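Listed below are the residues making up each chain.
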Amino acid sequence: MVAARDSGCSVLITSRHRLAGVEITLGATSLTVDELSADESLALLTTVVGADRIAADVPAARELTELCAGLPLALRIVAANLVLWPGQTLADYRSELAGAGLVARLSVPGDERLGLRRAFDMSYDAVSEQGAWLFSLLGLVPGADVSLIATAALAGLDTRATRQVLRELVASHLVQYRASERFGLHDLLRDYAAERAGERIPAAIRDEALGRLFDHYLRTADRAATALYPDMLRLPVGEPRERPFDPAEARQWLLAEHTNILAAIRWTAEHGPISYAWRLADVLRGFYHSHRLDADWEAAAGTGLTAAEKADDRHAAGAMRHSLGALAWSRGAYGRALAELDAAKESYHVSGARAGEDSVLHALGVVHLDLGRLDRATDHFTAALAATEECGAPLRIANGLINLGAVLIERGRLAEGIRHNERALEVCRRLGSPHAAAIALCNLGHGYRVTGDLDRALEVLTEAREILRELGSRDDEADVLVRLAAVHLDTGGFPDAHSCAHEALRAARDADNRRFEADALCALGDVHVQVGGEETGHGHYLEALRLAKRIGYRRGEIVAAIGLSSAAPRTAADYASIALRTAERGGFGLLAGQARIGLAEAVLAAGDPVAADEHASRGLQDLRASGHVLGEARALVVLGAVRSYQADHVGAREHWLAAGELLDLGSAAPIAVEVRTLLSTEAGVAPGCGRHT
């Protein structure tokens, strides 16, 4: 603090306490001295100890500064001891300070003034009894900081009383104030506070305080998860004691507290109460997934699993393996996902957790869907939905409808798949499940697009993206962006299509989601091929194919192979054949129809109109039966090209006119432009490479 006088002289006053009275009465300026940075700490040590000695072992010197955590007094004590014992190496002194009780060991023998514990004692002894008690409790808290409300839970006080005590501790520089009524302790003060807690607070009281804190974390996290992911099955927590969160408030709370909750998970797994480890890990699963905090997710679920197995709680173990399986699936590690989910199903079954057993069927179905086993996926989804409907849980029923609807769309049963997702969307909106609603909207966007309702597809996909951005779900946003890119491409909005595809790729890579990365690469390939950049498009498709093959993502393999059939004329028939075989083997009805049309174009370009006619006619039949309007139009264009190749110009024109009846020929959609061009010529020409409708 600097107190200035009219004479031009100033007085510098130092204190561990904030001298508010001096500020007010004398107009002094208060300057808070923060901890020194790592480089500043090393510079201070070098100045006192000497450059040569520090240079002899810089790593050990940096470790010593880390122990001091930027506290000038601690650094001066370390420096003084090194000066007193010039023969001691820095590494030996570092070893001497290691372990518990660091605060007490940071002292200079023979000089009581240079002792860190003594300095802290002076501040501690100067605060009120209640302040000393709360400060001691704060030393027990796992995590980097703590909110006002969490501190109140720890102390068993109301927030008003807690705020007053915290202000006293901040004024004494025992506690640091951080933004938005959050508080923390310097690392060395945390150690000191924990020592004080052990000295003055009985173990039972300490356990009760931490229990209140962990219960606050659990119940508040459960409220947040209910606001954001109410459709997701969780272990029971109990009836909420407070008002519900709104989604934005819930997300902000989780962003602020998730690292502290992870610290609480680790603490309780080691020290107890052990059940908090798996209960807290379980309640954060949706947040970890949507924000792709994979390392934290794995640490939380893994720690929870160890705790559950230690306690022989099979229901909890099932929930933790369910979580680990979902994490593995999201990373494209399908083998591990199946192993974890099968183990989860067994644990649920043994413990009699019927809802968990039904829920894990959905997760297994999603894995089989990605692996191209649509029959097994359909069986899992159908069984899970039937069981959930029997229990009467509306939001979980909506989840089942979304999953089953998605696989039905892939199989080519568009009308059913769309109806399932529309029904689910109504439930999600009515009961307030924003994340599930966004997934339903994404599925509907895909369904509406292929049935030719591009305006509606754009509307629902835009809404889905807005919801996911509000939720911070970067992972799922990548999927929506891929769908949006396809809609923009189909309407002739090439810049928007490129922007969405590029952003999808960035989002997928940010989230480390290799499945969505493969999809985004294919979307970029589509855009480049459509605007004449076959070589660039070929590169994107090839990268997508390699990635999809590496992780076993069958749908990605099919889409990439279809793309390559349009970008690589010499190998077009080979890639289209591969796509067709893989799609038919997996039950991907829509993609099989598209692959047939690609194969028809490839063999026509190679001079085989008979084979082209056969493939295009079969593709037309399948796509028409499914309701894939854009695919039907493409098939008609190709059949017209076959007739044109055979010099049947009347037949060619009939097919192109039929295609035109399915389209808005006045639009800028590439296929509409192509049909207009064909109809404007007398004889027509065989079309170039078609797009992947």
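These notes cover the structure that comes with them.

Parameters and conventions
Residues numbered from 1 in each chain as written. Predicted model: local features only at pLDDT ≥ 70, side-chain atom pairs only at ≥ 80, totals over all residues. Heavy atoms only, no water. Helix = DSSP H or I, 4+ residues; strand = E, 2+ residues; numbered from the N terminus. Buried < 20%, exposed > 50% of the residue type's maximum accessible area, 1.4 Å probe, protein only. Areas by Shrake-Rupley, 256 points an atom, 1.4 Å probe, with all protein chains shown as cover. Lys, Arg positive; Asp, Glu negative; His and termini not counted. Charge placed at Lys NZ, Arg CZ, Asp CG, Glu CD. Core = buried A, V, L, I, M, F, W, Y, C linked by side-chain atoms within 4.5 Å. Contact = heavy atoms within 4.5 Å. Pairing = 2+ DSSP bridges. Phe/Tyr/Trp six-rings, centres within 6.5 Å; stacked < 30°, edge-to-face > 60°. Lys NZ or Arg CZ within 6 Å of the ring centre and 35° of its normal. Salt bridge = Lys/Arg side-chain N within 4 Å of Asp/Glu carboxyl O. Expected span 1.5 Å × (residues − 1). Arc of directions from axis to C-beta. Disulfide = S-S within 2.5 Å.

### Some details on the overall build of the protein chain
Thought 1: Across its full length, the protein chain carries 36 helices and seven strands.
Thought 2: Each principal axis of the C-alpha distribution contributes one length, and for the protein chain these read about 110 × 60 × 50 Å.
Thought 3: Looking at the protein chain as a whole, 56% of its 693 residues are labelled buried.
Thought 4: Carbon and sulfur atoms provide 52% of the accessible area of the protein chain, an area that totals close to 29200 Å².
Thought 5: Distance from the positive charge centre (73 side chains) to the negative charge centre (93 side chains) of the protein chain: 2 Å.

### Looking at the nonpolar core
Thought 1: Of all hydrophobic cores here, the largest spans 194 residues; its most connected members are V78, L106, L116, F135, L138, L169 and Y217.
Thought 2: When residues in this core are grouped by element, the largest group, 11 residues, is from helix 13 (residues 203–228).
Thought 3: Setting aside anything within four residues of it in sequence, one finds L106 in contact with A74, I77, V78, L97, L114, G115, L116 and L188.
Thought 4: L623, L630, A633 and W656 belong to the second largest nonpolar core, which has 21 residues in total.

### Brief notes about the sheet that holds strand 7 (residues 182–184)
Thought 1: The three strands are arranged 5-7-6 in an open sheet whose pairing can be described as antiparallel. Single-partner strands in this sheet number two, and they are strand 5 (146–147) and strand 6 (176–178).
Thought 2: Here strand 5 runs beside strand 7; their pairing, made up of two bridges, is antiparallel. For V146, the partnering residue across the bridge sits in strand 7 and is F183.

### Observations concerning the packing of aromatic side chains
Thought 1: Overall, the coordinates contain seven aromatic pairs when judged by the stated rule.
Thought 2: When the ring of Y124 is compared with that of Y192, the centres are 5.9 Å apart and the planes differ by 90 degrees; the resulting orientation is edge-to-face. You can see Y124 sitting in helix 8 (residues 116–126) and its partner Y192 sitting in helix 12 (residues 187–200), a full 68 residues away along the chain. With respect to burial, Y124 and Y192 carry one shared label: buried.
Thought 3: Between F287 and Y288 the ring centres are 6.4 Å apart and the planes differ by 50 degrees, which places this aromatic pair in the tilted class. Of the two residues examined, F287 and Y288, each falls in the buried class.
Thought 4: The structure contains a cluster of three or more aromatic residues connected by ring pairs, namely F120, Y124, F135 and Y192.
Thought 5: The ring centre of F245 lies 4.1 Å from the NZ or CZ of R223, which sits over that ring.
Thought 6: When the ring centre of Y276 is taken as reference, the NZ or CZ atom of R279 above it lies at 5.4 Å.

### Points about the side chain of T378
Thought 1: Within the secondary structure, T378 sits in helix 21 (residues 374–391).
Thought 2: Excluding residues that lie within four positions of it along the chain, T378 makes contacts with L404, V407 and R411.

### A closer look at the pattern of salt bridges
Thought 1: For the coordinates displayed, the defined rule picks out 50 salt bridges.
Thought 2: Residue E129 is joined to R200 by a salt bridge in which the shortest nitrogen-to-oxygen separation is 2.3 Å. Here R200 lies in helix 12 and E129 lies in helix 9 (residues 129–138), a separation of 71 residues in the sequence.
Thought 3: Given a relative accessible area of 31%, R200 falls into the partly exposed group.
Thought 4: Between E357 and K345 there is a salt bridge; the shortest N-O distance is 3.9 Å. Taken together, the residues span a long stretch of sequence, with E357 in helix 20 (residues 354–370) and K345 in helix 19 (residues 334–351) at a distance of 12 residues.

### A short note on helix 9
Thought 1: Across the 10 residues that make up helix 9, a large majority, seven, are buried.
Thought 2: Looking at the packing, one finds that the buried side of helix 9 touches helix 8, strand 5, helix 10 (148–155), helix 11 (159–171), helix 12 and helix 13.

### Some points on unusual backbone geometry
Glycine aside, residues mostly have negative phi, and peptide bonds are mostly found in the trans state.
Thought 1: Residue P273 follows G272 across a cis peptide bond; omega there is -5 degrees.
Thought 2: On the secondary structure map, P273 appears in the loop between helix 14 (247–271) and helix 15 (275–283).
Thought 3: You will see that H173, though not glycine, has its phi angle at about 60 degrees, which is positive.
Thought 4: Considering the arrangement of structural elements, one finds H173 in the loop between helix 11 and strand 6.
Thought 5: The partly exposed category is assigned to H173, whose relative accessible area is 34%.
Thought 6: Here the phi dihedral of D312 falls at roughly 55 degrees; this positive angle occurs in a residue that is not glycine.

### Points about helix 25 (residues 454–471)
Thought 1: In this model helix 25 runs 26 Å from its N-terminal to its C-terminal C-alpha over 18 residues, within 8% of the 26 Å that 1.5 Å per residue would give.
Thought 2: For helix 25, the complete set of buried residues consists of L454, A457, V460, L461, A464, I467, L468 and L471. Buried residues in helix 25, looked at end-on, bunch into an arc of 150 degrees, giving them a common side. Helix 25 presents D455, E459, R469 and E470 as exposed residues on the side facing more than 90 degrees away from its buried surface.
Thought 3: Of the surrounding elements, those touching the buried residues of helix 25 are helix 13, helix 14, helix 16 (285–291), helix 24 (434–450), helix 26 (474–490) and helix 34 (629–645).
Thought 4: Note on helix 25: the residue one or two positions beyond its end, G472, has a positive phi of about 75 degrees.

### Focus: the state of the cysteines
Thought 1: Taken as a whole and assessed by the stated rule, the structure comprises zero disulfides.
Thought 2: Looking at C391, it has no disulfide partner, and the nearest cysteine sulfur is the one in C428, 18 Å off.
Thought 3: With no disulfide of its own, C442 lies closest to C500 among cysteine sulfurs, the gap being 12 Å.

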